[in-house]
Amino acid sequence: MIYRSSFIRSSGILLLSTLPAGLAHAQSCEGTFAAQTRFVAGTQSFGITLGDLDADGDLDIAVANHFSNDTSVLLNNGDGTFADQIRYAAGDGPVGVALGDLDGDGDLDMVVTNFFSNDASVLLNNSDGTFADQISFATRFAPYSVTLGDLDADGDLDMAVANHNSNDTSVLLNNGDGTFADQTRFEVGTSPRSITLGDLNSDGNLDMVVANWFSDDTSVLLGNGNGTFATQTRFAAGDGARGVILGDLDADGDLDMAVANGSSNDTSVLLNNGDGTFSDQTRFEAGSGPFSVTLGDLDADGDLDMAVTNFNSNDISVIVGNGDGTFANQTRFEAGSGPNIITLGDLDSDGDLDMAVTNHWNHDTSVLLNTCNQSSCPADFTMDGIVNPHDLFAFLNAFNANETTADLVPDDAYNFFDVSAFLLAYSAGCP
């Protein structure tokens, strides 16, 4: 690595700066997040997902509201703030929500699982971020989580649902127009809470993974490519497994599993053996009452990190990946009361992944913007492409608050080296 040494005089103080050439904020990126901003949703907001619902190029929020029997759509203003919600009726006790183009018209439609009415609501997009009235399709008992994927290789999105009280999953195949055939059921563990899809054995078919809350394990059902699945294989997780997500955690080209364990206050990582079987779990500490888990590159280092909602401690654990299937210690970020489901996406169009979380008891969502600054100009703290006094004030605020973006000489300390580095960059301006 090339270093440069310089002296700069500011306010009569001689400062020494020794820093890597080409220093930029991304080198201080550690998967940290700004304080939450809250946006009102319906009563006991539960499931959440992101997608561009109004075709304006940014990510909007869709929320399932458990006790108000509806969904909330919050359209993005383009900067990570959101317009007031618009509500759409669903079934009885909405829990899970997913987005996908169900009728082949190029926009994102909505599917919601209804815990008490034992069905799923499909709401077709009018192509402007508003939705038509729901159409309901029967599931089994207490449908909890829903995911979408082409399960029968016919080019449209099908539905897979985890049924909490009947210990099975429902697969509903799409007729191609956003209506669905009658369900086919597949047995899983006890009280399934979360479901996800991915090709686990590299045969080109989507397989199913389910987190089973009461049996403390996950079910893996390998897909046959025609909308049917092989008998489950079970893999032990922690106590109260209730969230599951897939991603390549050890960079070997296959999909591994991360599980949120609500009763043991940790997450389980199960690495794929390459054939859809999994090694024994490794556990990583989270907060109190982990509810859901998701994966994304939160610190811009090229590997997947974990974000976990902690229902009882009212916060989020960010657990940074080492790239080999192991993870660093958690960092916690405050959410609302009873955070349950979390999702990731670039909400403010700055190139990094932000967090959106539903808060069950506050009836709202928390948005936490990632402070990983992707600008190639170290002094451009406002990321507007120019260096001016606004950047100076932004740096001083970050420096006084010990925010990682101000640690320009990354040593976990906030001192004159960082000030000197900023002043050098400020003097140089942007390229």
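Criteria and cut-off values
Residues numbered from 1 in each chain as written. Predicted model: local features only at pLDDT ≥ 70, side-chain atom pairs only at ≥ 80, totals over all residues. Heavy atoms only, no water. Salt bridge = Lys/Arg side-chain N within 4 Å of Asp/Glu carboxyl O. Helix = DSSP H or I, 4+ residues; strand = E, 2+ residues; numbered from the N terminus. Expected span 1.5 Å × (residues − 1). Buried < 20%, exposed > 50% of the residue type's maximum accessible area, 1.4 Å probe, protein only. Arc of directions from axis to C-beta. Core = buried A, V, L, I, M, F, W, Y, C linked by side-chain atoms within 4.5 Å. Contact = heavy atoms within 4.5 Å. Polar contact = N/O pair within 3.5 Å; in protein donor to acceptor, adjacent residues only side chain to side chain. 1 Å grid on protein atoms, 1.4 Å probe; cavity = no way out; pocket = protein on both sides within 12 Å on 5 of 7 lines; lining within 4 Å. Points joined across faces, edges and corners; volume = space filled by probe spheres on them. Nonpolar A, V, L, I, M, F, W, Y, C, P; charged D, E, K, R; others polar. Phe/Tyr/Trp six-rings, centres within 6.5 Å; stacked < 30°, edge-to-face > 60°. Lys NZ or Arg CZ within 6 Å of the ring centre and 35° of its normal. Pairing = 2+ DSSP bridges. Axes fitted to C-alpha atoms, helices over the stretch in contact; angles between N-to-C directions.

1. Digging into the pattern of salt bridges
For the coordinates displayed, the defined rule picks out seven salt bridges. R140 is the salt-bridge partner of D168, the closest N and O atoms lying 3.4 Å from each other. Residue D168 is found in strand β14 (residues 168-172), and its partner R140 is found in the loop between β11 (135-138) and β12 (143-149); the two are separated by 28 residues along the sequence. A salt bridge links D266 to R283; its shortest N-O distance comes to 2.7 Å. A residue pair is termed long-range when its members are at least 10 positions apart, and D266 in strand β22 (residues 266-270) and R283 in strand β23 (residues 282-285) qualify at 17 residues.

2. Focus on helix α1 (residues 389-400)
Counted at 1.5 Å a residue, the expected span for α1 with its 12 residues is 16 Å, and the 17 Å between its end C-alpha atoms agrees. Where α1 is concerned, the buried positions are D391, F395, A398 and F399. Burial along α1 is one-sided: seen end-on, the buried residues are contained in an arc of 100°. α1 presents H390, F393, N397 and N400 as exposed residues on the side facing more than 90 degrees away from its buried surface.

3. A look at the nonpolar core
Of all hydrophobic cores here, the largest spans 19 residues; its most connected members are I61 and F82. Going through the elements one at a time, β4 (45-51) and β5 (60-65) are the ones with two or more residues in this core. Ranked by residue count, the leading element in this core is β4, at three residues. Residue contacts for F82: discarding those within four places in its chain leaves F39, L59, D60, I61, L74, L75, N76, N77, L347 and V367.

4. Thoughts on helix α2 (residues 416-428)
The end-to-end C-alpha distance of α2, which contains 13 residues, comes to 18 Å, matching closely the 18 Å that a straight helix rising 1.5 Å per residue would cover. Among all positions of α2, only D418, S420, A421, F422, L423, L424 and A425 are buried. Looking at where α2 begins, the residue whose side-chain oxygen comes 3.1 Å from the main-chain nitrogen of F417 is N415. The positive-phi residue at the C-terminal boundary of α2 is G429, with phi of around 70°.

5. Quick look at the layout of surface pockets
As a volume, the largest pocket reaches approximately 720 Å³. What lines the largest pocket is a set of 33 residues, and nearest its centre among them are V97, S145, V146, I195 and I245. Of all elements in the fold, only β4, β8 (94-100), β12, β16 (192-198), β20 (241-247), β24 (290-296) and β28 (339-345) reach the threshold of two or more residues within the lining of the largest pocket. In terms of residue class, the lining of the largest pocket is made up of 20 nonpolar, 11 polar and two charged.

6. Points about the packing of aromatic side chains
Under the definition given, this model contains 18 aromatic pairs. Ring plane angle 75° and centroid distance 5.5 Å describe the contact between Y88 and F131, whose orientation is recorded as edge-to-face. Residue Y88 is found in strand β7 (residues 86-89), and its partner F131 is found in the loop between β10 (119-123) and β11; the two are separated by 43 residues along the sequence. Each member of the pair Y88 and F131 is classed as buried. Pairwise contacts between aromatic rings join F46, F115, F116, Y144, F291, F311 and W361 into one cluster. Between R193 and the ring centre of W213, over which it is positioned, the NZ or CZ distance is 3.7 Å.

7. What to know about the sheet that holds β20
The sheet built from four strands is open, its strands ordered β20-β21-β22-β23 with antiparallel pairing. Single-partner strands in this sheet number two, and they are β20 and β23. Strand-to-strand, the axes of this sheet are offset by a mean angle of 25°, without reference to chain direction. One ladder, built from five bridges, connects strand β21 (residues 256-261) with β22; its direction is antiparallel. Bridging across to β22, A260 finds its partner in T267.

8. A closer look at the sheet that holds strand β26 (residues 315-319)
In space, the four strands of this open sheet follow the order β24-β25-β26-β27, with antiparallel pairing throughout. In this open sheet, the two strands that pair with only one neighbour each are β24 and β27 (331-334). Averaged over all pairs of adjacent strands, the angle between their axes in this sheet comes to 25°, without regard to strand direction.

9. Observations regarding the environment of M208
Secondary-structure assignment places M208 in strand β17 (residues 207-212). Residue class for M208 comes out buried when judged on its relative accessible area of 0%. Dropping the residues within four chain positions of it, M208 is found in contact with T169, V171, I195, T196, L197, S219, V220, L221 and F229.

10. Quick look at the pairing of β22
Among the five residues that make up β22, five are buried, leaving the element largely enclosed by the rest of the structure. Residues of β22 alternate between two faces, with D266, S268 and L270 on one and T267 and V269 on the opposite face, all of them buried. If you look at the hairpin formed by β21 and β22, you'll find four residues sitting between the two strands, and N265 has a positive phi there, around 60°. In this sheet, β23 lies alongside β22 in antiparallel orientation, the contact comprising four bridges. Counted as the bridge partner of T267 is F284 from β23.

From the geometry alone we can't say anything about function, so treat these as descriptive.
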